[in-house]
Protein chains: 4
Amino acid sequence: MFNTIGIITKREDITSEETARELGAFLKELGVLLVEDEKAIEKSADLIIVVGGDGSILSSARTYVDSNIPILGINLGRLGFLADVSVESMMTVVSDILSGEYIKEERALLSCQVERDGKILSQHLAFNEVVVHRNETPRMIEFELFVDGDFVNKQRADGMIVTTPTGSTAYALSSGGPIMHPSVNTICLVSISPHTMSHRPFILHGESEVLISLIDSDDKATVSFDGQASFSILLGDSLRVRQHDNFIHLIHPKGYDYFKIIRSKLHWGHKV
Amino acid sequence: MFNTIGIITKREDITSEETARELGAFLKELGVLLVEDEKAIEKSADLIIVVGGDGSILSSARTYVDSNIPILGINLGRLGFLADVSVESMMTVVSDILSGEYIKEERALLSCQVERDGKILSQHLAFNEVVVHRNETPRMIEFELFVDGDFVNKQRADGMIVTTPTGSTAYALSSGGPIMHPSVNTICLVSISPHTMSHRPFILHGESEVLISLIDSDDKATVSFDGQASFSILLGDSLRVRQHDNFIHLIHPKGYDYFKIIRSKLHWGHKV
Amino acid sequence: MFNTIGIITKREDITSEETARELGAFLKELGVLLVEDEKAIEKSADLIIVVGGDGSILSSARTYVDSNIPILGINLGRLGFLADVSVESMMTVVSDILSGEYIKEERALLSCQVERDGKILSQHLAFNEVVVHRNETPRMIEFELFVDGDFVNKQRADGMIVTTPTGSTAYALSSGGPIMHPSVNTICLVSISPHTMSHRPFILHGESEVLISLIDSDDKATVSFDGQASFSILLGDSLRVRQHDNFIHLIHPKGYDYFKIIRSKLHWGHKV
Amino acid sequence: MFNTIGIITKREDITSEETARELGAFLKELGVLLVEDEKAIEKSADLIIVVGGDGSILSSARTYVDSNIPILGINLGRLGFLADVSVESMMTVVSDILSGEYIKEERALLSCQVERDGKILSQHLAFNEVVVHRNETPRMIEFELFVDGDFVNKQRADGMIVTTPTGSTAYALSSGGPIMHPSVNTICLVSISPHTMSHRPFILHGESEVLISLIDSDDKATVSFDGQASFSILLGDSLRVRQHDNFIHLIHPKGYDYFKIIRSKLHWGHKV
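Residues numbered from 1 in each chain as written. Chains lettered and ligands numbered in written order. Predicted model: local features only at pLDDT ≥ 70, side-chain atom pairs only at ≥ 80, totals over all residues. Heavy atoms only, no water.

## With respect to the sheet that holds strand β15 (residues 202-205) of chain D
The mixed open sheet is built from 7 strands, whose spatial order is β13(C)-β15(D)-β14(D)-β12(D)-β9(D)-β17(D)-β18(D). Both edges of this open sheet fall to β13 (179-180) of chain C together with β18 (229-233) of chain D, since each of them pairs with a single strand only. Two strands pair when backbone bridges link them, and strand β17 (residues 221-225) of chain D and β18 of chain D are joined in this way by 5 bridges, in the antiparallel orientation. Bridge pairing links Ser 224 of chain D to Ser 230 of chain D in β18 of chain D. (Pairing = 2+ DSSP bridges. Helix = DSSP H or I, 4+ residues; strand = E, 2+ residues; numbered from the N terminus.)

In structure tokens:
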């Protein structure tokens, strides 16, 4: 089923490279063709294995989403929400997966564009969330929020998070957002330190288009994508966000249990 | 389009009855056939007009959901989330609706059953939310939570709310739940005063089946539906909740703007 | 320094009784006089040792606060906020304490009275918190809140918590209250599932007098003290709360570290 | 009682200047001596009247706290928490105050210093709050928190607020902090979007010394004082905060009602 596999390592991380080498050797023995550089992966891989952590998967997801190649994550350290295969079990899990025993799951990304004077300044993808945030100036930013062209409200806050279900257990959780099961077709808006006390996390339909328009700020504000890339915006600029057309196909080992992972990550009491 | 209309009034409310009489006279002049008792409405009405408030609509929704008759709400007092037509504008709005100018929207209900020793004790519908709550004993209840048969967690709390998107602006909001746009196909779980600090509102797919099993409590606990009906449960009893098969078809006047209503109800600042 | 000690056990708890017997034998060897029944303890004890858990200390604190006898807590199970001496270390700790090596700390209690038609119906003490809470009826209660005779607000909620700093890590924490260091001279009001979104925990001066007046409720409401005793109130009844005149003198082993206990209980990451 | 008054206006604000001129003329007629520049005010004023808003009072408070001159605030726009006299009523109120009819209230400030390698880099006062906050980099900062030299915890968050009771209704409220009555002798710590879900606002004794030590950050972080002044800090720098020795003496008109102001500002329902 998976004959050509691209292995992606964490940049400048020796453990990741060594683990990838071991895994690669094992895969070759099983008769799998390995591909390495981005072009080759996009052209011929039918599975991507990311050896790193949730952060590495975020990055690979944004790079390869339009190639529609499924992604499996090996976590080097602690169990991740996305990288849910340990180094210890990776040989067994990968064997199972090659023999067709795995769970496949679709996850949405956000397609974001920054606009100025009606023109598109830049385009970005986000797998977890996109955030508009004030800079080091202590004053809140002020923005208008629109959903599908309809005015929702004007807010003063430190910032605004637009999150996917995948991102709901990341930064949005720190700012008071709810947990969204990966299967829901939704986008969630979470205000960061909002001035008005009746603002609450807002769950929108996954097909909604969100527009955030910066109407006041001492200087610039920053838009960041998955906490990895940043873009500076000015007064009057807008951020337009909608679900990306293509989805990520995450591969999980058989027996994958989302609730077990979340119990472990959030330290919920286990069943006695 | 709507030839036979059932008008429902708020029990023992003179204003509601007088308003209904006025509206009825107006409808008759327009050639509409009026029906009054439950049987007749279920059999022949193609529109239900509720003259009351959000509470009256909750009740009518549970009664008539399986007859698939659209519902329009006239609010006697303040603007409601569901009853969004004022008495002042009702003649105009109803005329518009009869000539086909209106917005129709589907809303989900919850189908709930209380189980003891594998047997169904009772069945209920909820349009806003179903709540398991401790009684007057000051001790928290303890329950296990399952989604689609999978164990989620064990919680100690004052209670647990299972809410529809419609209910997300009602009791769930007071307990810290997010706002869910009516168009999302989700169910939300909100713990009431949970003992564990990492419990957060949990957004599930609308097709999920939720099971809450009471494993500890000083005495009984209470399950309530839309804050209107209550049922007493014992240790070992379970509450099973899933989306009801039939949906409510809410009728709104043309120009209906969900965000405008929510801005008004939650006192968000308006656009200048 | 401490010549006469009263040992208090957890009712009908064999482990507590055995531990108390062991400790008693040890104390006798050290020449300490032991007293057992309430009267004798009140009359002659200069130290009370509670062998149980935080719950047992709450109860002893309410019983003995006006005798001004210091209290030391041995926890039978997990480390408590109040019972901070383990069974394993109790001999060593008690020896140290008898030779004067300990930390003494004052903790406030709440003096509460329920009033009807200007008359006092009943009086209670609370070491953690006093709570006014709706009964099993699903409707919120409505009450007016006064501080030192000044009207604060009218609230609709599931209930209202009045907590001491000691109680701030108990039930109030589950309902969204802040943590109050034991040294602060404050009382905190925490609304439970308040209808109005701009209600927040309210920190008052320790000398404030709080009055909560029940102005609406479907039936009765319940007032509970430390989650251990309950009292039923009716529409029009009031709960008056102020700091009790006498304080509890908690005895801690030398090296007592409040922040270490709270890190452990709330699972905060430790210093690396 | 108040013979020499310093009037302070909002910089480059014509309304403030005109109002001040009117008020000045009125005061002169009453035989009051007016002083204008900072030196003269510090030397001889026995009352400062700030014509502006809460922001202007924050700034004057920091400037004049060590001169121990009482401050009265005239608000030009909406009612403030601190500037609680309207332009319409100012003549009457000021007359009353000159004849001894007023309420005087003490408010604490925070004395803050930034330290690097054991040396004091800079010193600042804050009347509302001091905030350590990440810059435009999307990554959280990491810091260790100490109270009176004792380690409390290590946190990853967007930032940390140290607030006075006065500041509890300002920025801290947006980040989930409790309301503190002005009479309490406390400092409150509020984490901004903390990574760990069991962090909660922490109420400390007013005499506590707080130390926040930056141990990780992508680049610099920013410390801001009352949202008005900022200071850039580096990895390893610390912020030391304690209550300032001198207090602000706020003058309120007779009949001053703190709860009425807070009801109005937070839109709580009024008593019927």
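Let's pick the thread back up.
## Considerations on empty space enclosed by the protein
Take a probe with the size of a water molecule and roll it over the atoms, and the empty space left behind shows itself. Residues and elements named next belong to chain A. Tallying each qualifying case throughout the model produces 11 cavities of 30 Å³ or more. In this structure, the second largest cavity occupies an estimated 90 Å³ of space. Its residues placed into classes, the lining of the second largest cavity shows 8 nonpolar, 3 polar and 1 charged. In this structure, the lining of the second largest cavity is formed jointly by two domains, domain 1 (4-108 + 247-266) and domain 2 (110-243), each of which donates at least three residues. (1 Å grid on protein atoms, 1.4 Å probe; cavity = no way out; pocket = protein on both sides within 12 Å on 5 of 7 lines; lining within 4 Å. Points joined across faces, edges and corners; volume = space filled by probe spheres on them. Nonpolar A, V, L, I, M, F, W, Y, C, P; charged D, E, K, R; others polar. Domains from an automatic or database assignment.)

## Some details on the relation of the copies chain A and chain B
Each copy of the sequence occupies a distinct position, and chain A is placed on chain B by a rotation of 180° and an axial shift of 0.0 Å, giving an RMSD of 0.0 Å. With respect to symmetry, the two chain copies, as superposed, fit the operation of a two-fold axis. Closest approach to the rotation axis among the C-alpha atoms of chain A is made by Pro 178 of chain A, whose C-alpha sits 3.5 Å away. (Least-squares fit on C-alpha atoms with pLDDT ≥ 70 in both.)

## Some words on the side chain of His 124 of chain D
All names here are of chain D. Mapped onto the secondary structure, His 124 falls in strand β8 (residues 119-126). A distance of 2.8 Å separates a polar atom in the side chain of His 124 from a polar atom in the side chain of Ser 122. The contact partners of His 124, leaving out residues within four places of it in the chain, are Leu 110, Ser 111, Cys 112, Phe 225 and Phe 231. (Polar contact = N/O pair within 3.5 Å; in protein donor to acceptor, adjacent residues only side chain to side chain. Contact = heavy atoms within 4.5 Å.)

## Here we look at the pattern of salt bridges
Taken as a whole, this structure holds 44 salt bridges over all chains when the rule is applied. When the shortest N-O distance is used, the salt bridge between Arg 242 of chain C and Asp 245 of chain C registers 3.5 Å. In this structure Arg 242 of chain C comes out as partly exposed when scored by relative accessible area, which is 34%. Taking relative accessible area as the criterion, Asp 245 of chain C reaches 58% and is therefore assigned exposed. One continuous salt-bridge network, built from bridges that share partners, spans Asp 96, Glu 101 and Lys 254 of chain A. (Salt bridge = Lys/Arg side-chain N within 4 Å of Asp/Glu carboxyl O. Buried < 20%, exposed > 50% of the residue type's maximum accessible area, 1.4 Å probe, protein only.)

## So, the interface of chain A and chain B
Interface size is commonly expressed as the accessible area that is lost once the parts come together. At the interface, 38 residues of chain A touch 38 residues of chain B. Across the chain A to chain B interface the summed buried area is about 3200 Å²; carbon plus sulfur atoms make up 64%. When the buried area of chain A at its contact with chain B is split by residue, Arg 200, Phe 259 and Trp 268 of chain A rank highest and sum to 21% of it. Linking chain A with chain B are 0 salt bridges. Where chain A meets chain B, there are 20 residue pairs in polar contact (both at pLDDT 80 or more). Put simply, the parts of the chain that give the side of chain A that touches chain B at least two residues each are β10 (141-147), β11 (150-157), β13 (179-180), β15 (202-205) and α6 (258-265) of chain A. Broken down by element, the residue count for the side of chain A that touches chain B peaks at 5 residues, all from β11 of chain A. Tallied by class, residues from the side of chain A that touches chain B come to 19 nonpolar, 13 polar and 6 charged. Note: β15 of chain A against strand β13 (residues 179-180) of chain B, 2 bridges, orientation parallel. (Buried area = accessible area lost by both parts, 1.4 Å probe.)

## Overview of the domain arrangement of chain A
All names here are of chain A. Assigned domains of chain A: these are domain 1 (4-108 + 247-266) and domain 2 (110-243). Here the C-alpha centroids of domain 1 and domain 2 sit 29 Å apart. Roughly 1500 Å² is buried in total at the junction of domain 1 and domain 2, and carbon and sulfur atoms are behind 68% of that figure. Taken together, the connections running from domain 1 to domain 2 amount to 1 salt bridge. The closest approach of N and O atoms between Asp 226 and Arg 62, which form a salt bridge, is 2.5 Å. At the boundary of domain 1 with domain 2, the tally comes to 4 residue pairs in polar contact (both at pLDDT 80 or more).

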